Amino acid sequence: MHVAGPPSSRWAAYLGLLSALSAAFAPAVAVKEHDFKKCHQSGFCQRNRAFADHALASTAWESPYTIAAESGSFKDGQYQAVILKTVSDSGETVRLPITVSFLESGTARVTVDEEKRQKGEIELRHDSKARKERYNEAEQWAIVGGMTLDKAAKIGYEDKTQITVKYGPSSKFEATIKLSPFSIDFKRDGSSQIKFNDQGLLNVEHWRPKIEKPEPEKTEGESTEENKAEETKEEPKDEDESTWWDETFGGNTDTKPRGPESVALDISFVGYEHVYGIPSHASSLSLKQTRGGDGNYQEPYRMYNADVFEYILDSPMTLYGSIPFMQAHRKDSSVGVFWLNAAETWVDITKGKDAKNPLSLGGKAKTNTHTHWISESGLLDVFVFLGPTPKDLTAKYGELTGTTAMPQEFSLGYHQCRWNYVSDDDVKDVDRKMDKFKMPYDVIWLDIEYTDEKKYFTWDKHTFTDPIGMGKQLDSHGRKLVTIIDPHIKNVDNYPVVAEMKSKDLGVKNKEGNLFEGWCWPGSSHWIDAFSPASREWWSSLFKYDTFKGTMENTWIWNDMNEPSVFNGPETTMPKDNLHDGNWEHRDVHNLNGMTFQNATYHALITRKPGELRRPFVLTRSFFAGSQRVGAMWTGDNQAAWDHLQASIPMILSQGIAGFPFSGADVGGFFGNPDKDLLTRWYQAGAFYPFFRGHAHIDARRREPYLIGEPYTTIIGAALRLRYSLLPSWYTAFRHAHLDGTPVVKPMFYTHPSEEAGLAIDDQFFVGNTGLLAKPVTEKDQVSVDVWIPDAEVYYDYFTYAVVPTRKGERVALEAPMEKIPLLMRGGHVFARRDVPRRSSALMRWDDYTLVVTVPRDGKAAVAAEGDLYVDDGDSFDFQDGQYIHRRFVFDGAAKSLTSVDAEGRDTAAIKEGEWMQRMRAVGVDKIVVVGAPASWAGKKSVTVESEGKTWEARVEFTPAAQGRAAFAVVKKVGVRIGADWRVGF
Ligand SMILES: *[C@@H]1O[C@H](CO)[C@@H](O)[C@H](O)[C@H]1NC(C)=O
């Protein structure tokens, strides 16, 4: 078999060349870093960094971008003008229209385009079919709302040099646009928060014709250093043109029909020391500086979705997905930017003391964070958020790009995956063993080997003889099957799927406009172009039950390799000069590719059967801003190593604050074999991932959790059951993510934005609004952890009710022997559980609830503790028609009562109950546990329950405080309906 270019390591793995090796040494094999570009190997990144170095080195530097006098106008919440770029060597001016839009939400948007030239003025090279204008459709895929202009925005001040627009809630925000050189200063309450082009790094590489110069003939092997030196001498200024018109990396040459066209801008966060976001990177939550120095990176954070085989940790290297949304935070203030660009993007981060004002208030020089954003092509398009809270940022960002889809309830349960379950009998056997060992789980997964020779939508006839039989066995306990479907379609005869794709012309094209062919799991393949409406419609047709035979109502889908991964392509992906729908270059849309494919699958599943309207479950590896609307993601091919377990937590926290909280890492680690301690600790951590899936490489030993042996089997079983008992609270947290973009697991800076000492903490988190504070053990042989305590509230141990001796802002050591997950309950919350262990979430649907009340320090307050519970049928879209229960629980310490009311103040009696709501009438609250119950309750035998016009007594058992354990009371057989209003008087 001949493979063009150097075989990628994945390709080699596929050929089986490395399988023996990687089975033995997998964790030691690191990603081939040199398979991926560094900034200096990416022409536009190199040029923009050089531009920055030049600008920052000179005190006399002045940005060559100026708003043309008299070009500006302001109307209906929008400022429009033309920026003139003076080209230094030719003196030519380039016209760049700018629009600053002030949105009703208080978000501002700055868009800079390049004026279209007359046809013929700019000729593309190679007779390329590529579109000539700058890519301007990223918005079409990423943005779903929040674009109404703020008609109340008004000019606050204007003269010949600048204009100030006041906007946002109570006009507290303002943007001062300076004309020459161009810059914008975004202020809140009169003080600067975010500055554009303050350092003068704005750079829009304008269109220019290619001037063919006679090139000295180069022969293979001959050094061209001399020639280069010659050229540089002749060229004016510092412009390095060597990668303007083509660029070679790893044996692949990218032709650039439009020439250089990057956009770059410096964005300064004034007085902000921490920036977060721009996932996915195996890095810390608080992002590091990237221009060298102690503990800093040398390379910018890169966003260019790629199949990074065995990725390395603590690195700004790109991974599988990208969300160019960044939050900056300092004590009590959050602001942020969303850089809407889907091309390859790099972000440099530096921090520095405010040199201009060293004696500023308090005598303490402020630290500013400077970021330098560099994208290869497209518009310069940036949204600016002025906070002031982290919650404001996730909400406003969610308004624009959409929030997390309400998930299938089962998808919050445990997922059992490996590459591969080898047959339908194997699947059925694992299913039975999970039951035998009392391990709850919801979903079993099939990786690529279930197919007939990697032809998606088919089954291997020898190993999966009866997929429906398999599906039915799973269904008998409410379980599901997820099968993998990737975007590469095997290029082979007698495969109707590829035949149809070719005949209908639905694939991605190469630069000549012919169907692109490359290599992936099946060998020679073509790629569906999910940017094309016709392709998406065709994709939908493939998932119908009678087309994808062997699937049934409990089959859902996993989309892998959608960066897209192309084994023989540049950086294991598609050539940038490939063409998509509308003849946009792949270069322009690369980071959107994964999302459009996952979305195509999502819509295919929605239309699987007429009349069947259920929420699809689709897992994706690649993603962009907006992917949260259509499914879950995982952090890709990690390793069975402690440091990968550790890295998973900041990665998941970053996903959450970037609007895509439905995330997890492969439990156990994909490559290699975890030892028993590691696997067990990983299950305990995974039980607190929003997406909880165990997965393993084909060469890894079998590691279904029941195989591990005692005492680990029992410990893992307990972690799984803990996850299942807390499912009502997880589901409620997802409801909040769905409503307003709030992360499901929250870092300290998010919940406690005033506590400076917590701003960089990324190894512990709160779950939803429950007050549950988890700090998974991620180190070998660790038997205690230090939890940082963000406030003066009381904290109880989740399992023992011990009052943890905490002090605000200090760390407290918690014992964490192997069987223990460090998990605290913060005083002041009410959360829901279901305490009867069952095999799957579906089997728990009609179980009664347990409510846990954690009494705070001030137990006498009227709202001493509160919390909520959201529940719906977990499957359909009926919740959109009010078919849900959402209760708010308040523990009143003065009146000594716990009440339940509709959380949204709805008149629940007026809701016409569908089938699910009617069945929920039989579901109630079985138990209420009050942790930290007042000593005065001793001797209490019963409590008074009032609901639906009736009053009765329920039994209560009080256990006094002892040996550091809080007093607690348990009310049994409460007897209220979960959907009804009620009051329990203590
Ligand atoms: C998702 O698919 C729908 C249906 O084909 C389409 O209307 C929409 O534009 C797509 N969105 C994305 C982000 O791909």
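Since the model is a prediction, treat every value here as computed from it, not as a measurement. (Residues numbered from 1 in each chain as written. Predicted model: local features only at pLDDT ≥ 70, side-chain atom pairs only at ≥ 80, totals over all residues. Heavy atoms only, no water.)

**Re the overall build of the chain**
1) Next: Along the backbone of the chain there are 18 helices and 51 strands.
2) Next: Here the C-alpha coordinates of the chain stretch approximately 95 × 75 × 55 Å along the principal axes.
3) Next: Considering the chain as a whole, with its 986 residues, one finds that 63% of them fall into the buried category.
4) Next: Just so you have it, the chain exposes about 36,400 Å², and 50% of that area is on carbon and sulfur atoms. (Helix = DSSP H or I, 4+ residues; strand = E, 2+ residues; numbered from the N terminus. Buried < 20%, exposed > 50% of the residue type's maximum accessible area, 1.4 Å probe, protein only. Areas by Shrake-Rupley, 256 points an atom, 1.4 Å probe, with all protein chains shown as cover.)

**Remarks on the site of the ligand**
1) Next: Neighbouring the ligand are Trp-141, Arg-536, Thr-596, Asn-599, His-603 and Arg-629.
2) Next: At 2.9 Å from an oxygen atom of the ligand is found a side-chain nitrogen or oxygen belonging to Arg-536.
3) Next: Side-chain polar atom of Asn-599 to an oxygen atom of the ligand: 2.3 Å apart, as the coordinates give it.
4) Next: Here the ligand, which alone exposes 360 Å², has 68% of that area covered by the protein.
5) Next: Broken down by element, the residue count for the shell around the ligand peaks at three residues, all from helix α12 (residues 593-606).
6) Next: A per-class count over the shell around the ligand returns one nonpolar, three polar and two charged. (Near = heavy atom within 4 Å. Polar contact = N/O pair within 3.5 Å; in protein donor to acceptor, adjacent residues only side chain to side chain. Nonpolar A, V, L, I, M, F, W, Y, C, P; charged D, E, K, R; others polar.)

**With respect to the environment of Ala-696**
1) Next: Along the polypeptide, Ala-696 turns up in the loop between β34 (692-694) and α15 (712-725).
2) Next: Residues Ala-696 and His-281, spaced 415 residues apart in sequence, show a C-alpha to C-alpha distance of 21 Å.

**Focus: the pairing of strand β14 (residues 263-269)**
1) Next: Counting buried residues along β14, seven of its seven residues qualify, which places the element largely inside the surrounding structure.
2) Next: Side chains Val-263, Leu-265, Ile-267 and Phe-269 of β14 all project onto a buried face; the interleaved residues Ala-264, Asp-266 and Ser-268 project onto the opposite face, where all are buried too.
3) Next: Pairing of strand β10 (residues 191-196) with β14 involves three bridges; the strand directions are antiparallel. Opposite Lys-195, over in β14, you have Ser-268 as the bridge partner. (Pairing = 2+ DSSP bridges.)

**Quick notes on the packing of aromatic side chains**
1) Next: Summed over the entire model, instances satisfying the criterion amount to 58 aromatic pairs.
2) Next: For the ring pair Trp-538 and Trp-539, a centre distance of 6.0 Å and an interplane angle of 55 degrees mean the geometry is tilted. For the pair Trp-538 and Trp-539, one class covers both residues: buried.
3) Next: Among the aromatic residues, those joined into a cluster by ring pairs are Phe-410, Trp-445, Trp-556, Trp-558, Phe-617, Trp-634, Phe-662, Phe-691 and Phe-734. (Phe/Tyr/Trp six-rings, centres within 6.5 Å; stacked < 30°, edge-to-face > 60°.)

**Some details on the pairing of strand β19 (residues 345-353)**
1) Next: When strand β16 (residues 301-303) meets β19, the two strands line up antiparallel, connected through three bridges. Opposite Tyr-301, over in β19, you have Val-347 as the bridge partner.
2) Next: Sheet analysis places β19 next to strand β20 (residues 367-375), joined by nine bridges and oriented antiparallel. In the sheet register, Lys-353 faces β20, and the bridge partner there is Thr-367.

**Let's talk about the pattern of salt bridges**
1) Next: Under the criterion given, the structure shown has 64 salt bridges.
2) Next: Of the charged contacts in the structure, one is a salt bridge between Glu-115 and Arg-95, with a shortest N-O distance of 2.9 Å. Highlighted residues: Glu-115 in the loop between β5 (108-112) and α4 (138-142) and Arg-95 in strand β4 (residues 93-102), separated in sequence by 20 residues.
3) Next: Between Asp-426 and Arg-702 there is a salt bridge whose closest N-O contact spans 2.9 Å. With a gap of 276 residues between them, Asp-426 in helix α7 (residues 424-436) and Arg-702 in the loop between β34 and α15 connect regions that are remote in the sequence.
4) Next: Under the relative-accessibility criterion, Asp-426 is labelled buried at 11%. (Salt bridge = Lys/Arg side-chain N within 4 Å of Asp/Glu carboxyl O.)

**A word on the state of the cysteines**
1) Next: By the definition in use, this model includes one disulfide.
2) Next: For Cys-39, the disulfide goes to Cys-45, at an S-S distance of 2.1 Å. Looking along the S-S bond of the Cys-39-Cys-45 disulfide, the torsion reads about -105 degrees, which is the left-handed sense.
3) Next: Residue Cys-39 is classed as buried on the basis of its relative accessible area of 2%.
4) Next: Free of any disulfide, Cys-417 has its nearest neighbouring cysteine sulfur in Cys-520, separated by 17 Å.
5) Next: Taking the relative accessible area as the measure of exposure, Cys-520 reaches 0% and is therefore buried. (Disulfide = S-S within 2.5 Å.)

**Some remarks on the packing of helix α13 (residues 642-657) against helix α14 (residues 676-686)**
1) Next: Between α13 and α14, whose axes approach to 10 Å, the crossing angle comes to 10 degrees. On the basis of their axis angle, the class for α13 and α14 is roughly parallel. Across from Trp-642, His-644 and Leu-645 in α13, the residues of α14 making contact are Asp-677, Leu-678, Arg-681, Trp-682 and Ala-685.
2) Next: When its residues are assigned to classes, the contact of α13 with α14 shows five nonpolar, one polar and two charged. (Axes fitted to C-alpha atoms, helices over the stretch in contact; angles between N-to-C directions. Parallel < 35°, antiparallel > 145°, perpendicular 65-115°, else oblique. Contact = heavy atoms within 4.5 Å.)

**Let's talk about the confidence of the model for the chain**
1) Next: Per-chain confidence: the chain averages 93 in pLDDT, with 92% of residues scoring 70 or above.
2) Next: In this model residues 1-29 is a low-confidence stretch, pLDDT under 50, and it forms 42 contacts with partners more than four residues away in sequence or in other chains.
3) Next: Contacts of residues 218-236 to residues separated by more than four positions or lying in other chains number five contacts, the stretch itself having pLDDT below 50. (pLDDT = per-residue confidence, 0-100.)

**Some points on the sheet that holds strand β25 (residues 488-490)**
Two pairing modes exist for strands in a sheet, parallel and antiparallel, and in both the strands are linked by backbone hydrogen bonds.
1) Next: If you walk across this open sheet you meet the three strands as β25-β27-β26, and the pairing is antiparallel. Of all the strands in the sheet, the pair left with one neighbour each is β25 and β26 (518-520). Adjacent strand axes in the sheet meet at a mean angle of 60 degrees when their direction is disregarded.
2) Next: Bridge count between β26 and strand β27 (residues 523-527): three bridges; the pairing is antiparallel. Bridging from a neighbouring strand, Cys-520 pairs with Gly-523 of β27.

**A closer look at the sheet that holds strand β35 (residues 745-746)**
1) Next: If you trace the five strands from one edge of the open sheet to the other, you get β35-β36-β37-β41-β39, paired in antiparallel fashion. In this open sheet, the two edge strands, each paired with only one partner strand, are β35 and β39 (795-797).

**Regarding unusual backbone geometry**
1) Next: Geometrically, the link from Trp-419 to Asn-420 is a cis peptide bond, its omega value of 15 degrees lying close to zero.
2) Next: Residue placement: Asn-420 occurs in the loop between β22 (414-416) and α7.
3) Next: With an omega of 5 degrees, the peptide bond between Glu-563 and Pro-564 qualifies as cis.
4) Next: The backbone of Ser-171 sits at a positive phi, close to 50 degrees, despite the residue not being glycine.

**Here's the deal with the nonpolar core**
It is characteristic of soluble globular proteins that their nonpolar side chains tend to be buried jointly.
1) Next: Within the largest apolar cluster, 200 residues are counted, with the highest numbers of intra-cluster contacts made by Trp-539 and Ile-928.
2) Next: Once residues lying within four places of it in the same chain are set aside, the contact partners of Trp-539 are Phe-457, Ile-485, Asp-486, Ile-489, Ile-528, Phe-597, Ala-600, Thr-601 and Ala-604. (Core = buried A, V, L, I, M, F, W, Y, C linked by side-chain atoms within 4.5 Å.)

**Observations regarding a negative patch on the surface**
1) Next: A contiguous patch of negative charge on the surface is contributed by Asp-89, Glu-92, Glu-239 and Asp-240.
2) Next: Its location among the elements puts Glu-239 in the loop between α5 (225-234) and β12 (246-249). (Patch = residues over 30% accessible without salt bridge, like charges linked within 9 Å, V, L, I, M, F, W, Y side chains within 5 Å. Lys, Arg positive; Asp, Glu negative; His and termini not counted. Charge placed at Lys NZ, Arg CZ, Asp CG, Glu CD.)

**A short note on the environment of Arg-888**
1) Next: Topologically, Arg-888 is positioned in strand β45 (residues 884-892).
2) Next: By relative accessible area, Arg-888 is classed as partly exposed at 32%.
3) Next: The sequence separation of Arg-888 and Thr-899 amounts to 11 residues, and the corresponding C-alpha distance is 8.0 Å.
4) Next: Once residues within four sequence positions are removed from consideration, Arg-888 is found in contact with Val-863, Glu-866, Gly-867, Asp-868, Thr-899, Ser-900, Val-901, Asp-902 and Ala-903.
5) Next: A distance of 2.4 Å separates a polar atom in the side chain of Arg-888 from a polar atom in the side chain of Glu-866.

**Digging into the side chain of Arg-47**
1) Next: By the secondary structure assignment, Arg-47 is in helix α3 (residues 43-57).
2) Next: Judged by relative accessible area, which is 10%, Arg-47 ranks as buried.
3) Next: Polar side-chain contacts of Arg-47 include one of 2.9 Å to the side chain of Thr-243.
4) Next: Arg-47 has contacts with Glu-205, Asp-240, Thr-243, Trp-244 and Pro-260, leaving out every residue within four places of it along the chain.

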